[in-house]
Amino acid sequence: MALEAPLAGFAVIGANSPRSLVLAPLLEQSIVRVIDTTAIFKPVNPSLLREELLKYGCTDEDCLIRFARDAGLSVMIRADFDDQSDYCILTFTAYGLDLPYQNRIACRTVTRIPLRGRYTADEYTRMMDEQAGLFFSQFLYGFQAPAYCSALTGGKAIWSRPVSGWFDVYRLREDTAAASPRSFVKIGRVRLSAGVAEGEAKIEKGDFILIRFVEAARLLESLTYGKKREMVFRPPSLSETAYAALLAGPASAVMPLAAPIAGYYRSNDWAGAALWLFNTAPYLYLEISGLADYFSNYYKKKRTVPADARGRFVFGWYFMCAGGASLMVDSFAYGMIKKAADYQGVQPFLGNPVTAGFLALIAGGAGHFYRGLRAWGYLYFHADNMLLYFTIREFTPTRRFNILTQRFEAAQIVKPRAYSLLAAFLAVKTGEVIHAVLARDALMGGTTIEQGFSIEPVCFGDATAGQVWGIQAAWRF
Amino acid sequence: MTPIRPQNVKWLIAAALAVATIEPDVVAAERDTLKPTVALFAAEYGSLQLNALAEASIVSVGEVFDTLGRFSPLDYRLCRKALKAQSDPSQEDPFSAAARSLGADLCAVISILSAGQVIVVSLELKPLNESYRRLAQTITARSTVPMNIPLKFARAVAAIHRDLPVEAEIIEKIGRSVWLNVGQWHGLMPGRYRLASGQTIHITHTNRYRSIAVIPFQAERGSRIVILSYPRAALIERECVKKIEANTERRYSLAASGLDDPEKKFLEAVVVINPGANILLPGYGAFLATSYLGFRQTKPSVAGIAVSLTLVATHFILPEAMGKFKVNFFPGVMDSDKTPALNNLQIFLWSTLPLTASAAFFDQLAYQYDINTVLPPFFLNRDAAALVLSALFPGAGMFYKGWRVPGWGFYCAEMFLAGFCVYRKDARREVGYAGIALAAVKIADLAAAFFSPPAYGFYNLEAEGRISLPALSLEVRPSMNGEPIYRVGAVMAF
């Protein structure tokens with residue numbers, strides 16, 4: 001059975017600047033490539049479509065939907081650019097013409113794309129490829145297309161697409177044939193093998209199932225990510241991990257000065273600097289006070305060393321030699337990943353899962369900072385450091401100096417507490433390392449500024465001077 | 001429908017478009033949209049700039065109407081055509097007449113007045129359908145940044161949508177199901193919705209403009225119901241505010257006045273330039289350091305310099321005065337008259353001199369921002385920036401936002417309480433109370449820094465929403481004894 005892929009139309013309708021006029025054809029080419037890659041739809045020539053739509057002034061929603069319906073398209077996608085000088089808002093709107101959408105918007109995304117760098121045609125093309133890939137994968141995640149029962153022969157129901165698996169079967173209500181939208185009801189479930197269902201007595205010709213494209217969406221999203229990763233990072237190598245291993249100690253030691261000046265200040269990362277200031281302060285205090293207190297009051301002195309002083313001393317060494325590396329990584333990696341996301345050159349040392357794992361192992365949150373995941377990084381940074389400090393404290397009990405024997409005697413540790421803390425620390429650390437290795441780098445460009453879903457409190461007066469209070473959850477297109 | 005094939009694609013597109021774009025009234029019967037409509041007009045001006053601004057405003061307002069799903073904007077070209085067709089000079093309101101001729105439910109007229117640097121704009125909403133009578137109003141706004149005018153209109157129009165429920169009509173009835181003339185465009189999706197009458201309906205299917213619902217009561221074709229679903233106006237308003245802020249920042253930022261990397265310069269000025277300048281010239285040095293930020297005109301705030309000089313003098317003289325001018329001037333150098341508590345206070349006062357120098361600098365900066373009509377660096381993240389500054393320097397967040405007197409207030413309160421804690425270090429109870437008071441003041445300082453709006457008038461003019469211009473009146477009438485009575489009034493709607 002020769003299968004005709006459903007048609008998808010795409011046109012850039014809104015473009016309010018010379019730059020967006022340049023981006024429009026690039027985006028059209030990108031979306032055609034993406035549609036071709038997935039092979040679910042057949043694209044209509046977008047440049048021609050845009051030209052004709054603009055020529056006829058058919059740019060409003062009503063007209064677009066009527067046009068798409070008349071032209072037999074299954075999906076009509078429009079894109080609008082709103083250029084705001086140093087950023088651009090790109091809105092994709094996909095109308096589904098077939099069931100179950102019946103002219104409804106199937107997917108809408110609004111993305112703010114920063115445009116502060118220096119770009120040539122290459123960067124613009126890559127940027128549009130990325131946005132097209134991300135949008136289309138998001139569209140495919142939720143999209144459903146009908147496949148109709150096209151023939152009933154010998155007890156077999158033949159469906160218009162060679163799909164396999166269990167599906168819900170729907171039937172259009174005959175009494176609503178003249179109405180819009182058409183009403184349909186679920187009549188049961190069917191098991192299909194390559195588009196054929198056997199022994200399904202209640203199925204009639206014209207019944208339909210809804211097919212999803214989640215696998216294709218995942219594949220497309222992963223391809224888009226992988227492609228960008230290849231373009232903006234160097235291929236990972238173990239020598240980079242070796243450099244990281246060599247430099248981690250010195251970097252941790254100089255972090256209090258180097259991170260703010262050579263990292264945040266140099267790359268204009270002011271949010272990072274503010275976060276660094278407030279998040280690192282308690283641990284720097286522990287480091288400095290722990291080392292200073294020990295060396296000035298207890299080192300080579302015959303005095304009882306309290307658990308707290310010993311704990312801070314050991315933690316001080318850890319934070320100086322390894323723990324501080326996380327914020328050093330953050331101060332450099334965050335800016336570099338932002339550049340990578342914005343196609344501002346190929347970034348060295350980034351994108352290596354082995355390095356991410358190593359960094360996560362030696363310093364709390366470092367692996368995630370390396371990936372550009374700041375929120376996760378700070379979460380692990382605090383969880384690790386707090387657990388480690390309290391664990392160290394439990395394992396370094398008070399060391400009493402016995403004047404009679406002239407020797408130090410260590411007090412007993414509280415084993416259940418100490419080992420519980422150690423277990424918790426190891427569990428968090430294991431999870432962190434695995435997460436850091438498997439996590440993706442935060443290198444996709446653009447920020448979604450409208451998810452389409454919101455929960456808002458409502459309080460309104462009604463026509464009878466009463467009040468309406470409540471919470472409204474809305475999905476709006 | 002035959003699908004489009006590559007060889008005949010152009011002809012088929014053209015044919016489909018030709019059908020789709022036939023005049024709306026011709027295909028009215030086929031259209032599945034029965035949306036209320038709004039006709040948008042702009043008063044015409046001799047100025048090209050004002051006309052362009054009016055058209056941009058119409059586009060912007062039209063987009064908001066369309067997005068929020070209560071009124072569909074009519075094509076502006078059709079509106080202009082209808083307006084031109086209103087040739088009767090005796091007609092009082094050609095805009096309403098034109099809108100009525102197009103079958104619109106609402107008429108919106110935009111007018112713009114350029115008053116020096118400020119552009120005053122108004123949007124008059126005239127309901128043509130009795131159901132929307134409560135929408136009759138005039139929205140007035142002003143701005144000095146032309147790009148903000150369409151956004152201000154858009155924000156105001158979004159705001160009036162906040163409490164507009166979905167008004168639907170039953171257009172078909174088959175069995176227990178009814179077809180409503182509202183759909184996804186109006187914000188409805190399959191699910192249960194409350195009606196104004198208190199009942200609940202279940203919407204089972206929607207398309208863009210219609211839906212199928214099961215209703216729990218008997219209703220005839222043509223009856224109307226009010227569904228308590230409200231548009232997400234807040235999201236649009238927030239987005240407009242963001243754009244207004246970005247435009248304002250672009251217009252009034254230090255970068256716009258020609259300074260490269262203002263954030264770096266600001267930090268360098270705080271950390272290096274100002275401390276150096278204050279060592280050389282206490283008080284006045286804070287003003288000199290502001291020139292590092294490249295202000296076009298610099299003028300010192302004499303009051304600020306006087307306050308900072310007084311405070312610097314206090315740092316040095318207070319311990320002396322408390323020791324009746326007999327104690328050694330330098331901290332840490334003890335003598336028979338200097339008590340340990342006084343020595344502690346002296347150390348505290350000398351070591352906090354950089355904080356006073358910084359407060360003086362932030363105060364002078366606030367003055368420079370105001371007289372140069374320039375916004376501080378980091379202004380798009382002003383609340384976080386003010387919070388960080390206040391956390392580091394007492395009162396700095398308030399200075400940053402232009403509130404100079406509260407800034408000095410917080411500064412003095414925190415320094416006094418901290419100084420008291422140091423001076424009375426051994427009196428645990430007093431230190432406890434003072435510590436609690438210090439923590440409370442610090443929290444208040446941080447909260448005020450974060451939540452207070454900026455004090456810069458030129459920014460607030462851009463940030464404000466619709467305005468209610470006061471109407472002034474003057475009346476002279478005779479009294480009972482024949483003497484004139486003068487009455488001056490100001491009426492402001494709110």
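On a predicted model such as this, the values are computed, not experimentally measured, just so you know. (Residues numbered from 1 in each chain as written. Chains lettered and ligands numbered in written order. Predicted model: local features only at pLDDT ≥ 70, side-chain atom pairs only at ≥ 80, totals over all residues.)

### With respect to the nonpolar core
Heads up, the rule is: Linking buried Ala, Val, Leu, Ile, Met, Phe, Trp, Tyr and Cys residues through C-beta atoms within 7 Å yields a set, and such a set is a nonpolar core. Once C-beta atoms are placed from the backbone, each residue is buried if 20 or more other C-beta atoms lie within 10 Å of its own, exposed if 12 or fewer, and partly exposed for counts between those two. Only DSSP runs of H or I covering at least 4 residues are called helices, and only runs of E covering at least 2 are called strands; the numbering of each starts at the N terminus. Note on contacts: each residue gets a C-beta atom placed from the backbone, and two residues are in contact if those atoms are within 7 Å.
Counting residues in hydrophobic clusters, the biggest one holds 148 residues, and the most contacted among them are Ala-68, Val-75, Ala-325, Val-329, Ala-333 and Leu-359 of chain A together with Phe-362 of chain B. Among the elements that line this core, the one with the most residues is helix α9 (residues 325-341) of chain A, at 11 residues. The residues touching Phe-362 of chain B, leaving out its near neighbours within four places in the chain, are Phe-393, Ala-396, Phe-399, Tyr-400 and Gly-407 of chain B. If you look at the next biggest cluster of nonpolar residues, it comprises 45 residues, including Cys-79, Ala-108, Val-109 and Ile-110 of chain B.

### Side note on helix α4 (residues 94-101) of chain B
Residues and elements named next belong to chain B. Operational definition: Summarising the geometry, the arc corresponds to the directions from the helix axis toward the C-beta atoms.
Buried within α4 we find Phe-95, Ser-96, Ala-98 and Ala-99. For α4, the buried positions fall inside an angular range of 160° around the axis, keeping them on one side. Backbone geometry just downstream of α4 places Gly-103 in the positive-phi region, at approximately 75°.

### Topic: the domain arrangement of chain B
Condition: For the purposes of this description, domain bounds are those given by an automatic or database domain assignment.
Taken as a whole, chain B is organised into domain 1 (24-162 + 233-241), domain 2 (166-227) and domain 3 (253-455). Averaged C-alpha coordinates put domain 1 of chain B and domain 2 of chain B at centres separated by 29 Å.

### Considerations on the pairing of strand β9 (residues 200-206) of chain B
Residues and elements named next belong to chain B. Filter applied, for reference: Strand pairing is defined by DSSP finding a minimum of two bridges between the two strands.
Of the strand pairs in this sheet, strand β8 (residues 191-194) and β9 are connected by 4 bridges, and their pairing is antiparallel. From the neighbouring strand, Gly-191 faces β9, where its bridge partner is Ile-203. Between the end of β8 and the start of β9, which pair antiparallel, lie 5 residues, with Gly-198 showing a positive phi angle near 100°. In the sheet, β9 pairs with strand β10 (residues 211-214) via 4 bridges, with the strands oriented antiparallel. Bridge pairing in β10 places Thr-206 opposite Ser-211. The turn linking β9 back onto β10 is made up of 4 residues.

### Considerations on the pairing of strand β12 (residues 399-402) of chain A
Residue and element names in this part refer to chain A. Bridging between β12 and strand β13 (residues 407-410) involves 4 bridges; their strand directions are antiparallel. For Phe-401, the partnering residue across the bridge sits in β13 and is Phe-408. What sits between β12 and β13 in their antiparallel hairpin is a turn of 4 residues, with Gln-406 showing a positive phi close to 60°.

### Focus: the environment of Gly-316 of chain A
Residue and element names in this part refer to chain A. Mapped onto the fold, Gly-316 is located in helix α8 (residues 307-323). Classification of Gly-316 by C-beta neighbours within 10 Å gives buried; the count is 24. With 107 residues separating them in the primary sequence, Gly-316 and Ala-423 have C-alpha atoms 21 Å apart. If we ignore the near neighbours within four places in the chain, the residues touching Gly-316 are Leu-286, Glu-287, Gly-290 and Leu-291.

### Remarks on the packing of helix α6 (residues 238-265) of chain A against helix α7 (residues 270-298) of chain A
All names here are of chain A. Put simply, the rule is: Axes here mean lines fitted to C-alpha atoms, for a helix over just the part in contact, with angles spanning 0 to 180 degrees between N-to-C directions. Each angle is binned into one of four classes, with values under 35 degrees roughly parallel, values over 145 roughly antiparallel, values of 65 to 115 roughly perpendicular, and all other values oblique. Note that Gly is not counted as nonpolar here; it falls among the polar residues with everything else outside the nonpolar set of Ala, Val, Leu, Ile, Met, Phe, Trp, Tyr, Cys and Pro and the charged set of Asp, Glu, Lys and Arg.
The geometry of α6 relative to α7 is characterised by a closest axis approach of 11 Å and an angle of 170° between their N-to-C directions. Compared by their axis directions, α6 and α7 come out roughly antiparallel. Two secondary-structure elements touch here, α6 through Pro-256, Ala-259, Pro-260, Tyr-264 and Tyr-265 and α7 through Gly-272, Ala-273, Trp-276 and Leu-284. Each residue belonging to the contact of α6 with α7 can be placed in one class, and the counts come to 8 nonpolar, 1 polar and no charged.

### Some words on unusual backbone geometry
Of note, the amide linkage connecting Leu-99 of chain A to Pro-100 of chain A takes the cis form, showing an omega dihedral of 0°. With respect to the secondary-structure elements, Pro-100 of chain A resides in the loop between β4 (87-96) and β5 (104-114). Of note in the backbone geometry, Lys-300 of chain A takes a positive phi value of approximately 55° without being a glycine. Mapped onto the elements of the fold, Lys-300 of chain A is located in the loop between α7 and α8. Owing to 5 C-beta atoms within 10 Å, Lys-300 of chain A belongs among the exposed residues under this scheme. A positive phi angle, near 50°, is found at Asp-261 of chain B, a position not held by glycine. Mapped onto the elements, Asp-261 of chain B comes out in the loop between α6 (233-252) and α7 (262-280).

### Brief notes about the confidence of the model for chain B
Residues and elements named next belong to chain B. As a reminder of what qualifies: Predictor confidence is given residue by residue as pLDDT, running from a minimum of 0 to a maximum of 100.
On average, residues of chain B score 85 in pLDDT, and 87% of them reach the 70 mark or higher. Note on residues 23-32: pLDDT is under 50 here. Beyond four places in sequence and across chains, it has 5 contacts. ipTM for the predicted complex: 0.77, alongside a pTM of 0.82.

### Description of helix α11 (residues 353-372) of chain B
All names here are of chain B. Keep this limit in mind: The span you would expect from a helix comes to 1.5 Å times its residue count less one.
Spanning 20 residues, α11 covers 28 Å between terminal C-alpha atoms, matching the ideal 28 Å at 1.5 Å per step. Of all 20 residues that make up α11, 16 are buried, and the element is covered over most of its length. Immediately beyond the C-terminal end of α11, within one or two residues, lies Thr-373, with a positive phi of roughly 45°.

### Some details on the domain arrangement of chain A
Residue and element names in this part refer to chain A. Taken domain by domain, chain A holds domain 1 (7-141 + 215-226), domain 2 (145-212) and domain 3 (234-442). Just the C-alpha atoms count here: the centres of domain 1 and domain 2 sit 31 Å apart. Contacts between the two partners involve 5 residues from domain 1, matched on the other side by 7 residues from domain 2. Of the residues assigned to the side of domain 1 that touches domain 2, the class counts are 2 nonpolar, 2 polar and 1 charged.

### Section: the sheet that holds strand β6 (residues 166-174) of chain B
Residue and element names in this part refer to chain B. The strand order across the open sheet built from 6 strands is β8-β9-β10-β7-β6-β11, with neighbouring strands paired in antiparallel fashion. Both edges of this open sheet fall to β8 and β11 (224-227), since each of them pairs with a single strand only. Geometrically, the sheet is characterised by an average inter-axis angle of 40° between neighbouring strands, direction not taken into account.

### What about the sheet that holds strand β1 (residues 37-42) of chain B?
Paired through their backbone hydrogen bonds, the strands of a sheet run either parallel or antiparallel. Residues and elements named next belong to chain B. Pairing is mixed across the open sheet formed by 5 strands, whose spatial order is β2-β1-β3-β4-β5. Of all the strands in the sheet, the pair left with one neighbour each is β2 (72-73) and β5 (137-143). By the bridge criterion, 5 bridges tie β1 to strand β3 (residues 106-115) in an arrangement that is parallel. Bridge pairing in β3 links Ala-39 to Cys-107. Its contacts with the sheet put helix α5 (residues 148-161) on β4 (118-127) and β5, and the angle it makes with β5 is roughly 145°.

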